[in-house]
Amino acid sequence: MDPIRKDEFDSEACGSKAPKSKPCPRPKPGEAAGGCSFDGAQITLLPIMDAAHLVHGPIACAGNSWESRGTLSSGPSLSQYGFATDLNDSDIIFGGEKKLKESIDYIAGRFAPPAIFVYSTCVTALIGEDMDAVCKEAGDRLGIPVIPVNSPGFVGSKNLGNRLAGDALLQYVIGTGEPEPELPPGVNLIGEYNIAGEMWDIEKLMNSAGIAVTSRITGDARYKEITWAHRAKVNMVVCSRALLGLAKEMESRYGIPYFEGSFYGAKETTYSLRQMAYLMNDRDMERRVDRLTEREESRLIQDLRPYRKILKGKKAVLYTGGVKSWSVISALKELGVQVVGVGTNKSTEDDVRRIADRVGDDTEYIPEGGATRILKTVRERKADIMIAGGRNMYVAMKEQIPFIDINQERHKAYAGYEGLLRLAKELTYSLANPIWKLAASPAPWDKEVPYDR
Amino acid sequence: MSKDRLDIPDYNTLFSEHRFVEQRLNKQQFEAPCSEQETAEALAYSQSAEYMEKNFNRKAVVINPHKACQPLGSIMAALGFEKTLPFVHGSQGCNSYFRSHLSRHFKEPTPAVSSSMTEDAAVFGGMSNLIDGLENSIALYKPEMVALCTTCMAEVIGDDLSSFIGNARQKGVISEDFPVAFCNTPSFVGSHITGYDSMLKGILSYLYERSGLKAAPGSGEETGEKLNVMLGFEPYTGNFTEIRKILDAFDTKYTLLGDHSGNYDSPATGEYEYYYGGTKLADVPLAANALGTLSLQKYTLKKTQDFISETWKQQVSALSTPLGIAGTDKLLEAISELTGLPIPASLLEERGRVVDALTDSHPYLHGKRVALVGDPDLLIGLIGFCMEVGMEPVHIVCSNGDVDFNDVKFKEEAEALLASSPYGSEATVYVGNDLWHMRSLLLTDPVDLAIGSSHLKFAAKDAVVPLIRVGFPIFDRHHMHRYPILGYQGALNLLSQIVNTVLDELDRNNSGFNYDLVR
Ligand code: SF4
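Position labels on residues start from 1 in each chain and follow its written sequence. Chain labels run from A onward and ligand labels from 1 onward, assigned in the order the entries are written. Owing to the predicted nature of the model, reporting of local features is limited to residues with pLDDT of at least 70; listing and counting of side-chain atom pairs is limited to 80 or more, with chain, interface and lining totals taken over all residues. Water and hydrogen atoms play no part in the side-chain values, which are based on all heavy atoms of the structure.

(A) Layout of the overall build of chain B. Summing up its helical and strand segments, chain B has 21 helices and 16 strands in all. For this measure, only C-alpha atoms enter the radius of gyration; the expected value for a globule follows 2.2 Å times N^0.38, where N is the number of residues. Radius of gyration (C-alpha) of chain B: 25 Å, near the 24 Å computed for a compact globule of 519 residues. For chain B, the spread of C-alpha atoms along the principal axes amounts to about 70 × 60 × 60 Å. Throughout, exposure labels follow a simple rule: accessible area from a 1.4 Å probe, protein chains only, divided by the maximum for the residue type, with under 20% read as buried, over 50% as exposed, and the rest as partly exposed. The proportion of buried residues among the 519 residues of chain B is 60%. Any pair of residues with heavy atoms lying within 4.5 Å of one another is described as a contacting pair. In chain B, once contacts between residues fewer than 6 apart in sequence are set aside, the share between residues at least 24 apart is 75%. For accessible areas, the Shrake-Rupley method is used with a probe of radius 1.4 Å. Any residue's cover is judged against the shown protein chains and nothing else. Per element, the accessible surface of chain B, about 20,200 Å² overall, is 51% carbon and sulfur. By the counting scheme adopted, Arg and Lys are positive, Glu and Asp are negative, and His together with the chain ends is not counted. To locate a charge, the coordinates of NZ of Lys, CZ of Arg, CG of Asp or CD of Glu are taken. Separation of charge centres in chain B, based on 43 positive and 66 negative side chains, amounts to 3 Å. Numbering of helices and strands runs from the N terminus, with a helix taken as a DSSP run of H or I at least four residues long and a strand as a DSSP run of E at least two residues long.

Shown next, in the form of structure tokens:
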């Protein structure tokens, strides 16, 4: 494997403009940090549902993570299997390449997947396994693509892993196939992972406006459709900074224009659909999009009315990764919810700029994690609800703070117009549950004791 | 109120809506789907003895593993001590997996930090990361002890924890008297139970040696006569409550060595703290003077048991998880033997009540064929419990069963236990296998019930067997860990969980001819 050139990644990584400082902020030792690059790479590629995903390393990386993400499939489920080489101490000493080769052979023989993704991990990268060579040899011999994903955990953050996975797609997948002849020219959705089925809501909207999806990269994707991604007319980078590099490279290689957008909130959704039609350069399509978005927006306003009444003026603290921090703010604003604190630990400077465009001056930026820091903001700003990922959920429960899970394990789809309505309902539900009243009031015999919160 | 009611369809309804079904069909053009016949054939093949043989000949790849790695266990051990911050020396990702893993099981936060090693550390060693990490984490989380373990990355590059900690002290990053216990936990050796053991032994030996105390077993100095009790890698907070209840009934003094139940069962008071409960650090050296030590997971706690009997020169009674009547009887006998106290009447009465419950339910359990997955000590307990009520263990898979206790391997003990009862005659014990193997077993040789962690649900669904969730991890059911499964009360809980699943199945599959009101 090529040595990982940190400088190179740092300099061109996540931003659309050349970033000034480090774009993918590095974790500080001694803090409870987020996932590793390996995790990030998996998040990007696991939604390719019909492929096999094999983790080359000790049991840690796969044993602690298989089948625990919320990305849904409408068909094949091979991607949900936890495949691992489970290296032991003697493999570490004598090398695990033989085991890797046998594993690939077994998977190809038994499961006949259209492709196998092989992930390096800290250990296999450190002991210098020649994964690329093993994959190449096996791929040639078996006649299916066997794709090395060189993204061991120690190279950095989850974001970097997303990016490295994008590189693997560019290098080994995109451009290796041709679309079915009847597929109309369309849009690639990059960085949409179909968490809780969000992709399906988006696709439905696109279909009603007559916009075709060329490749899903990678929510509910099939391997084959990604091979022809280079035939798309437009790339949309959906809420994933880290895959911007992929879009840029496709622009220079294949001349496909790209834009960044989000489907959180009605405004963003409308903007994204319009942008697609505009870049497709199709007048008819633009008119259809206008009709659709007008209709959907006005329907949404009707549907939201009862929820907005309850949500108006409520305060939220938002603690989530990267791009979602600004895109979710838009959605919340439309519901009348005021964001009084927002996590920026994984955001690039561009993200922070966009956050600033969307919130008022008195919003607190939470640069780094640690439950105390988030909780302090919730308390000081008298927030009504916390919107964050699963690892912070139980802390919120301890503090009796209403909570909504927004990260990759969430069970509700919040994208598009319907998603916004769902978000509204979910927020109302979480805020209105009688348990908060019960939790916040002292036991009856303690009533006279003052109790705040 | 009714206006705010949620009417959000879940996937099951949502995705069976017309538009989703249509989308799914549209998508098949990319899938190059097999014909229905091919699918049926493949499914039939996967149920065949021929495929099972192939599957069991598979050596290289693990499919759907049923074990986690050492550092995960080590974090659990560290959280068993008062105000102790688990610190994982290695790259950051592992730690975030461990935290989510434990949190998803207990539905509680897991405070644990990492030294976030990067490629610089891979080249130059992780010392500066470790030292910075100690400084930052102590400032941020204000622990009274740090419990340090490694990941495979630190192991592969050969970082030396003890000298790094020494350097951190020299640099003044941590003071001389700030305790930092440590152990090595490479993920490529053993599993989560090995890691639990390493960290527990690491903490006990570290705090003991620092105290300068000399073990005087049985002297009860400063503590009165005391028993040490270790539960091991214990996914049930309820088991701590139950063991306390039993020890209190004996009216003996005791120290739990490693008690993470506080951290994983803390109240929602409106204010989160990083640390709850745990064994007091000062109690650890004093534990060297106890009468003896009772270990409830003998395979898990190998190293710790050896340390206690060799260094503290105490009698160690080591059992597997005490499940069922016979398992609990053994527990009470061991306590009685170690303390010289009689078995309390209240427990005898409880025993009688639970035996009564077992007799009530036995007709529904008799002859039920079960498949079991879990850690070695849990499995020994479960096998015993199943046979006690006339259920027949058939397939037993233990991914991390390659362990021994006093030179008896887990597999041998399990087989001997099975051989002791006619209800065990059908059973085969598989060690080192994974859940894809279990799937083959379930499909080729069907059973009535599967008992194991949430990870078994996929194989159980394929084989259309109800899954009774016992062990670790349980991600998809709430609050199971709050109910004890050990002791007589635990036997009752296990019994009701199992028998009511059987009754649910009876009703669900009932044709109507005997849809009885009374069962
Ligand atoms: S940090 Fe390394 S060892 Fe840990 S999960 Fe990530 S790739 Fe695996």
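Moving on, there is more to tell.
(B) Highlighting the interface of chain A and chain B. Contact residues are listed per partner, giving 98 residues for chain A and 86 residues for chain B. Each of two parts loses accessible area, computed with a 1.4 Å probe, when they are put together; buried area is these two losses added. For the pair chain A and chain B, the summed buried surface comes to about 7,700 Å²; carbon and sulfur atoms form 60% of the total. Three residues, Asn64(A), Trp66(A) and Lys398(A), lead the burial of chain A against chain B; their summed loss comes to 11% of the area buried on that side. Each reported salt bridge corresponds to a side-chain nitrogen of Lys or Arg within 4 Å of a carboxyl oxygen of Asp or Glu. Across the contact surface, chain A and chain B share 2 salt bridges. For Glu108(B), the salt bridge is made with Lys398(A), and the minimal N-O distance between the two is 2.5 Å. Examining the composition of the side of chain A that touches chain B, we find that 7 residues originate from one element, helix α5 (residues 97–111) of chain A, more than from any other. Put simply, Ala, Val, Leu, Ile, Met, Phe, Trp, Tyr, Cys and Pro go in the nonpolar bin, Asp, Glu, Lys and Arg in the charged bin, and everything else, Gly too, in the polar bin. Residue classes in the side of chain A that touches chain B are distributed as 42 nonpolar, 23 polar and 33 charged. Two strands make a pair as long as DSSP finds a minimum of two bridges between them. As paired strands, strand β2 (residues 83–84) of chain A and strand β1 (residues 62–63) of chain B are joined by 2 bridges and run antiparallel to one another. Counterpart to Phe83(A) in the pairing with β1(B) is Ile63(B).

(C) Inspection of the environment of Gln305(B) at higher detail. Residue and element names in this part refer to chain B. For Gln 305, the position within the fold is in helix α14 (residues 302–311). The spatial distance from the C-alpha of Gln 305 to the C-alpha of Leu 294 is 9.2 Å, given a sequence separation of 11 residues. With residues up to four places along the chain from it excluded, the contact list for Gln 305 reads Met 230, Ser 295, Gln 297, Lys 298, Val 316, Ala 318 and Phe 405.

(D) Examining the confidence of the model for chain B more closely. Every residue gets a pLDDT, meaning the predictor's confidence in that residue, from 0 to 100. For chain B, per-residue confidence averages 90 on the pLDDT scale, and 95% of positions sit at 70 or higher. In the predicted complex, the global pTM is 0.83; the interface-specific ipTM is 0.73.

(E) Highlighting the packing of aromatic side chains. Note on ring pairs: Phe, Tyr and Trp rings are taken, using the six-membered ring of Trp, and paired if centres are within 6.5 Å. Classes follow the plane angle, with under 30 degrees stacked, over 60 edge-to-face and the rest tilted. Scanning the model with the defined rule gives 22 aromatic pairs over all chains in all. Look at Tyr196(B) and Phe233(B): their rings are 6.4 Å apart centre to centre, the planes differ by 85°, and that puts the pair in the edge-to-face class. Of this pair, Tyr196(B) sits in helix α11 (residues 192–211) while Phe233(B) sits in the loop between β6 (226–230) and α12 (237–250), and the two are 37 residues apart along the sequence. Under the relative-accessibility criterion, Tyr196(B) is labelled buried at 0%. When its relative accessible area of 2% is taken as the criterion, Phe233(B) is described as buried. Pairing Tyr274(B) with Tyr275(B) gives two aromatic rings, centres 6.2 Å apart and planes at 55°, and the pair type is tilted. Residues Tyr274(B) and Tyr275(B) agree in their burial class; the two are buried. Members of the aromatic cluster, each reached through a chain of ring pairs, are Tyr141(B), Tyr272(B), Tyr274(B), Tyr275(B) and Tyr276(B). Sitting over a ring, as applied to charges here, requires NZ of Lys or CZ of Arg to be within 6 Å of the ring centre and within 35 degrees of the ring normal. Cation over ring: Arg110(A) sits above Tyr51(B), and NZ or CZ is 4.1 Å from the ring centre.

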